[in-house]
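# Structural characterization, general
Here's the letter readout for the chains.
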Amino acid sequence: MKLLVAALESELSAFPEELDGFDRLVTGPGKLPATYALTRALDAKDYDEVVVVGTAGSIEKGRAYAVHEIATAVQHDVIDLDGVVGRHVSLPPQVTTGREGVVIATGDHFVNDAEVTAVIRPMGAALVDMETYAYIWVAGQFGVPIRAFRAVSDQAEDGALADFREAIARCSIELREVIRAEYGV
């Protein structure tokens, strides 16, 4: 059995309530809710794989409005004791899925500002979101393989929140098609 994970119920709006071979988990937005909910789910039941679907903002100019598989996640909203942005005091600077794909920067706020994206871009990330780092880290703690798919909803700069709200249904449809193609369900 696999676990299909999303932060928001609306990210799963194009998915059937029951998906053969998958349990479903909606964690809520942000790193702490994501960590808590996924930890509880993985502690309660053994899963073959965690499959994350959701939206992300693009901070890479020209990045396609499409679904991208995530290879690596970093945190953009932490600073270590030496003042290095993106470095946590005790967590690894990056976590990986073991898959080919893009780098995503995770933080606990919705990114919609050009000045913020300019700070994040040098971290090597193409996308931003609020949960992926947490999902990958938790799955790693349990030794469960994870795949993460993010559909680009906005450009993570001025007007991004309006774009996100308008794009979420489109993103869910795109994510559903990827899961159908990848898993045959």
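In short, a report on the structure.

Parameters at a glance
Residues numbered from 1 in each chain as written. Predicted model: local features only at pLDDT ≥ 70, side-chain atom pairs only at ≥ 80, totals over all residues. Heavy atoms only, no water. Phe/Tyr/Trp six-rings, centres within 6.5 Å; stacked < 30°, edge-to-face > 60°. Helix = DSSP H or I, 4+ residues; strand = E, 2+ residues; numbered from the N terminus. Buried < 20%, exposed > 50% of the residue type's maximum accessible area, 1.4 Å probe, protein only. Core = buried A, V, L, I, M, F, W, Y, C linked by side-chain atoms within 4.5 Å. Pairing = 2+ DSSP bridges. Right-handed = clockwise from strand over helix to strand, strands pointing away.

## Details of the packing of aromatic side chains
All chains considered together, the criterion is met by 1 aromatic pair. Seen from their ring centres, Phe22 and Tyr183 are 5.5 Å apart, and the 90° between their planes marks the pair as edge-to-face. With a gap of 161 residues between them, Phe22 in strand E2 (residues 22-26) and Tyr183 in helix H4 (residues 160-183) connect regions that are remote in the sequence. Of the two residues, Phe22 and Tyr183, neither departs from the other in class, the shared state being buried.

## Structural notes on the nonpolar core
Counting residues in each nonpolar core, the largest one holds 30 residues, and the members touching the most others are Leu3, Val5, Leu38, Leu42, Val50, Leu127 and Tyr135. The set of elements that each furnish at least two residues to this core consists of strand E1 (2-6), helix H1 (31-44), strand E3 (49-58), strand E4 (67-75), strand E6 (102-106), helix H3 (132-142) and strand E8 (146-154). Top contributing element to this core by residue count: H3, with 6 residues. Counting 15 residues, the second-largest nonpolar core is a separate cluster that includes Leu4, Val51, Val53 and Ala151.

## Side note on the pairing of E6
Extensive coverage of E6 is indicated by the burial of 4 of its 5 residues. As paired elements, E4 and E6 share 5 bridges and run parallel to each other. The partner of Thr72 across the bridge, within E6, is Val103. Judged from the 3 bridges that link them, E6 and strand E7 (residues 127-129) form a sheet pairing that is parallel. Counted as the bridge partner of Thr106 is Asp129 from E7. In the classification by handedness, the crossover that spans E6, the intervening helix H2 (residues 114-120) and the parallel E7 is right-handed.

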